[in-house]
Amino acid sequence: MDKLLELKALSVGYRRRAVVGDASLELAPGQILSLIGPNGAGKSTLLKTIARQLSPLSGAAYLDGRELSQMPEKESARALSILLTHRPSPELMRCRDVVAAGRYPYTGRLGILSREDEREVERAMELVGVTSLAEQDFTRVSDGERQLVMLARAVCQRPRLLVLDEPTSFLDIRHKLALLSVLKTLAQEEGLAVLMSLHELDLAAKVSDLVACVSFGRIDRVGPPEAVLSGEYIQKVYGVQAGAWNEAFGSPELERPKGEPRLFVIGGGGGGIPVYRRLQRQGVPFYAGVLHENDVETPVARALAARVVLARAFAPIGEEELAEAEALLKACERALCCVTAFGPMNEGNRRLLALAEERGVLERV
Amino acid sequence: MEKRRYAAGYALLCLLVLALMAVNLLVGSVPIPAGELLPALLRPSGGGDAAAILWRMRLPRLLAAALLGGALSLSGLLLQSFFNNPIAGPFVLGISSGAKLTVALTMILCLRWGMNLSSTALIAAAFAGALLSMGFILLVSGRVRRMSVLIICGVMIGYICSAATDFAVTFADESNIVNLHDWSLGSFSGTGWASVRAMTPVVLLGLLFAVLLSKPMGAYALGESYAASVGVNLRLFRVKLILLSSLLSACVTAFAGPISFVGIAVPHLVKSLFRTSRPLVVIPAAFLGGAAFCLFCDLIARTAFAPTEVSISSVTAVFGAPVVIYLLLRRQREGRNG
């Protein structure tokens, strides 16, 4: 595959102090690469350097084999456009005017839009879905709409590489999805390369072809999202406790309640998740079981329960696991059952429920 | 839709300028009947008293008011683009006062040594003073981002320069001091054809260069990062803006003294009229608007308390300052930083 953007041993930072050193990376047309990593790791600095807002300390970024920092501004402006976290608030500019600002590298001495420029502006607004905002004052639309208008501006600049710094921050879920799906369209249908920083790991996993983790002063790991966003690695990079990153859901879990459990939750099939969450919020420590290894609620239980009794995937609950669960249940003063249907696979849990009833500790969920 | 609005706006401004010019020609301590205006204008030498008054006094004065008013408004617009803030202007930032100080000093020195001061030298002196004030403001703006602090600094510079000018004027013992005193308060009175000939190329070239800067100015409105990303050479652009706005306000100060608030009020009114901040539209319009505004204010300065003339700055302040206060309050309400 040919590469559009290539970083070769690029060091970036301020005043000769490197924030990210020795970064090497390749990005092909049509690919979306997300930079993840903790706050202050240098994602923005790296993006700013690639977007020519900062000079590299050493090494270089190449666009189509040419060193970016040596290219004439006019040329790089036709190949690379940006979307920054800083939201401008110009006076008396309609959204259409803001989008049209992206045509700067193509217009003449006075910046008058040609017929073709006008077409590009319309196309960009349509593609991003902000045509209906065109005549509105830019400072009067919502944050999410403003971000989409700024994206349309970047699109109408007709770049081959789009660089975005935390494009989804402060947006509601609808605008996040709108923005990311536009990026997907741009990459797949127009062959744009997209390089962005994202804080939402779940979104990074869904939208990116490649994820690069900026941490420990370097690009620590690059690869497909499933390879980079593994639970243990995320915990190490962000310095959070084990289980805090729910890999299956791509979302974080809060800390498990502390103390000696007095409550046993019989779970399975997903019904336990809200119960585990509620107990976490109330600060009540609990045991959970018996859950199959591949059960949808197992990752949550693992993160939140003091102990989880596990059964092998696709196998009926065995006598050994049942005995373990029964021992824990007997030590508890309360029990909850979140399971409504029993069959051959979770026959053990039915016996557990019977035991709880017999001991008179079962409470309604 | 917007093209029709722009055309209407320009038509209105041109009409306003022409009408005010006509009124300025007709009205004065010696009123000229409307019927005599055209014959007197067509025959400069042989038209009797009316022609003499028109050609020696009123015509050069109104041309100066129009040109310098336009220059002042334009200078304000450029500074607003530079600071990305509608409350920037040559007067509140102390640039006019800096120019005033160097012009006064140059004038006094030349009088003392019996030298004749050419218009070009006058503009050069004013330009140097404007750049000095501007340099100081830029130094401060590197440290503080808040426009309100910057304006307070500008006003302070203005006071310091005015005080220094007053000292110089007071201790200079020349017969020309009366003129100097009038000038240091701001006035178009006594403008002759020589001054008009000197200022015209400077101001019109300034307008032309400003129009040529309109493209990067538009990009700069979205912030320097975005401007740089579309290919604006930031350093060069900033230098051009500073030099041009300083030159325009220096030219005004050199010939008419410091004139307050035009640079903020007129661009704002023009942008509101056209409902856009697009530089290519607003730059010529602000020039016309400034011309109309100063023609109007000079008319009042001449006639309100005739035969005594009021300084032009007093009149522009009466009409301009409320606009500035309104702008400050609006920004406060919108929760932006000064």
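Predicted model, so just to flag it, every value in this text is computed and none were measured.

A.B. asks: How would you summarise the overall build of chain A if you had to cite specific residues and measurements?
C.D. replies: Helix and strand counts for chain A come out as 13 helices and 17 strands. For 365 residues, the compact-globule estimate of 2.2 N^0.38 gives 21 Å, and the C-alpha radius of gyration of chain A, at 26 Å, exceeds that figure by more than 25%. Oriented by its inertia axes, the alpha-carbon framework of chain A measures out at about 90 × 45 × 35 Å. Taken across its 365 residues, chain A has 53% of its residues classed as buried. Expressed as a percentage of contacts within chain A between residues at least 6 apart in sequence, the contacts between residues at least 24 apart total 65%. Of the accessible surface of chain A, which amounts to about 16,500 Å², a share of 49% is contributed by carbon and sulfur atoms. Of the charged side chains in chain A, 46 are positive and 48 negative, and the gap between their average positions amounts to 4 Å.

A.B. asks: Describe the sheet that holds strand S7 (residues 161-165) of chain A, with residues and values.
C.D. replies: Residues and elements named next belong to chain A. Spatial ordering of the open sheet is given by S6-S7-S8-S3-S9-S10, a layout of six strands whose pairing is mixed. With one partner strand each, in any of the chains shown, strand S6 (80-83) and strand S10 (218-223) form the two edges of the open sheet. Looking at each pair of strands side by side, their axes are set apart by 15° on average, direction ignored. Contacts from helix H1 (residues 43-50) reach strand S3 (32-36), S6, S7, strand S8 (193-197), strand S9 (210-215) and S10, with the element oriented near 150° to S7.

A.B. asks: Quick rundown of the nonpolar core? Include the residues and the values.
C.D. replies: Core analysis: the largest hydrophobic core is formed by 107 residues, its most contacted members being Leu68(B), Phe83(B) and Leu93(B). The greatest single-element share of this core, amounting to 19 residues, is contributed by helix H3 (residues 48-83) of chain B. Beyond its immediate chain neighbours, meaning those up to four positions away, Leu93(B) contacts Leu79(B), Phe83(B), Ala88(B), Ile137(B), Met147(B), Leu150(B), Ile151(B), Gly154(B) and Ile157(B). Grouped together as the second largest cluster of nonpolar side chains are 85 residues, Met125(A), Val128(A), Cys156(A) and Tyr226(B) included.

A.B. asks: Which residues make up the pattern of salt bridges, and what are the values?
C.D. replies: Going through the model one piece at a time under the given rule, you end up with 27 salt bridges over all chains. Of the charged contacts, one joins Arg96(A) and Glu122(A) as a salt bridge, the two residues approaching to 2.5 Å between their closest N and O atoms. Highlighted residues: Arg96(A) in helix H3 (residues 95-100) and Glu122(A) in helix H4 (residues 115-128), separated in sequence by 26 residues. The class of Glu122(A) is partly exposed, set by a relative accessible area of 29%. In this structure, Arg262(A) engages Glu333(A) in a salt bridge whose closest nitrogen and oxygen atoms are separated by 3.3 Å. With a gap of 71 residues between them, Arg262(A) in the loop between strand S12 (251-252) and strand S13 (263-266) and Glu333(A) in the loop between helix H12 (319-330) and strand S16 (334-337) connect regions that are remote in the sequence. Connected via shared salt-bridge partners are Arg94(A), Arg96(A), Asp97(A), Glu122(A), Glu135(A) and Glu2(B).

A.B. asks: Which residues make up the interface of chain A and chain B, and what values do they have?
C.D. replies: Facing the 29 residues of chain A at the interface are 26 residues of chain B. Counting each side, the surface lost to burial between chain A and chain B is near 2,500 Å², with a carbon and sulfur contribution of 57%. It is Glu91(A), Leu92(A) and Tyr104(A) that lose the most area in chain A upon contact with chain B, and together they represent 29% of the buried surface on that side. Run the count over chain A and chain B and you get two salt bridges. When the shortest N-O distance is used, the salt bridge between Glu91(A) and Lys271(B) registers 2.6 Å. For the pair chain A and chain B, the interface holds 11 residue pairs in polar contact (both at pLDDT 80 or more). Sorting the residues of the side of chain A that touches chain B by element identifies helix H2 (73-79), S6 and helix H5 (143-156) of chain A as the ones contributing at least two each.

A.B. asks: Lay out the pairing of S13(A) in plain terms, naming residues and giving numbers.
C.D. replies: All names here are of chain A. Residue alternation in S13 divides its side chains into two sets, Leu263 and Val265 and Phe264 and Ile266, and both sets are buried. Sheet topology places S13 next to S16; four bridges connect them, and they run parallel. By the bridge assignment, phenylalanine 264 is partnered in S16 with alanine 335. Sheet topology note: the S13/strand S14 (residues 287-292) ladder contains three bridges and is parallel. Following the sheet pairing, phenylalanine 264 is matched in S14 by tyrosine 287. For the crossover from S13 across helix H10 (residues 272-282) to S14, the handedness is right-handed.

A.B. asks: Would you mind going over the packing of aromatic side chains in detail, with residue names and values included?
C.D. replies: Here the structure, examined in full by the defined rule, presents eight aromatic pairs over all chains. Ring geometry for Tyr276(A) versus Phe286(A): centroids 5.4 Å apart, planes at 5°, classification stacked. Residue Tyr276(A) is found in helix H10, and its partner Phe286(A) is found in the loop between H10 and S14; the two are separated by 10 residues along the sequence. On the accessibility criterion, Phe286(A) (0% relative accessible area) is buried. What links up through ring pairs into an aromatic cluster is the set Tyr6(B), Tyr10(B) and Phe274(B). Arg103(A) extends its terminal NZ or CZ atom over the ring of Tyr106(A), reaching a point 4.1 Å from the ring centre. The lysine or arginine in question, Lys215(B), covers the ring of Tyr104(A), its NZ or CZ lying 4.3 Å from the ring centre.

A.B. asks: How would you explain a nonpolar patch on the surface if you had to name every residue and give the values?
C.D. replies: Residues and elements named next belong to chain B. Together, Ile152, Val155, Met156 and Tyr159 make up an exposed nonpolar region whose accessible area comes to about 410 Å². Mapped onto the secondary structure, valine 155 falls in helix H6 (residues 147-171). By relative accessible area, valine 155 is classed as partly exposed at 31%.

Procedures and definitions
- Residues numbered from 1 in each chain as written.
- Chains lettered and ligands numbered in written order.
- Predicted model: local features only at pLDDT ≥ 70, side-chain atom pairs only at ≥ 80, totals over all residues.
- Heavy atoms only, no water.
- Helix = DSSP H or I, 4+ residues; strand = E, 2+ residues; numbered from the N terminus.
- Rg over C-alpha atoms; globule rule 2.2 N^0.38 Å.
- Buried < 20%, exposed > 50% of the residue type's maximum accessible area, 1.4 Å probe, protein only.
- Contact = heavy atoms within 4.5 Å.
- Areas by Shrake-Rupley, 256 points an atom, 1.4 Å probe, with all protein chains shown as cover.
- Lys, Arg positive; Asp, Glu negative; His and termini not counted.
- Charge placed at Lys NZ, Arg CZ, Asp CG, Glu CD.
- Pairing = 2+ DSSP bridges.
- Axes fitted to C-alpha atoms, helices over the stretch in contact; angles between N-to-C directions.
- Core = buried A, V, L, I, M, F, W, Y, C linked by side-chain atoms within 4.5 Å.
- Salt bridge = Lys/Arg side-chain N within 4 Å of Asp/Glu carboxyl O.
- Buried area = accessible area lost by both parts, 1.4 Å probe.
- Polar contact = N/O pair within 3.5 Å; in protein donor to acceptor, adjacent residues only side chain to side chain.
- Right-handed = clockwise from strand over helix to strand, strands pointing away.
- Phe/Tyr/Trp six-rings, centres within 6.5 Å; stacked < 30°, edge-to-face > 60°.
- Lys NZ or Arg CZ within 6 Å of the ring centre and 35° of its normal.
- Patch = residues over 30% accessible without salt bridge, like charges linked within 9 Å, V, L, I, M, F, W, Y side chains within 5 Å.

Geometric descriptors of this kind do not, in isolation, establish any biological role.
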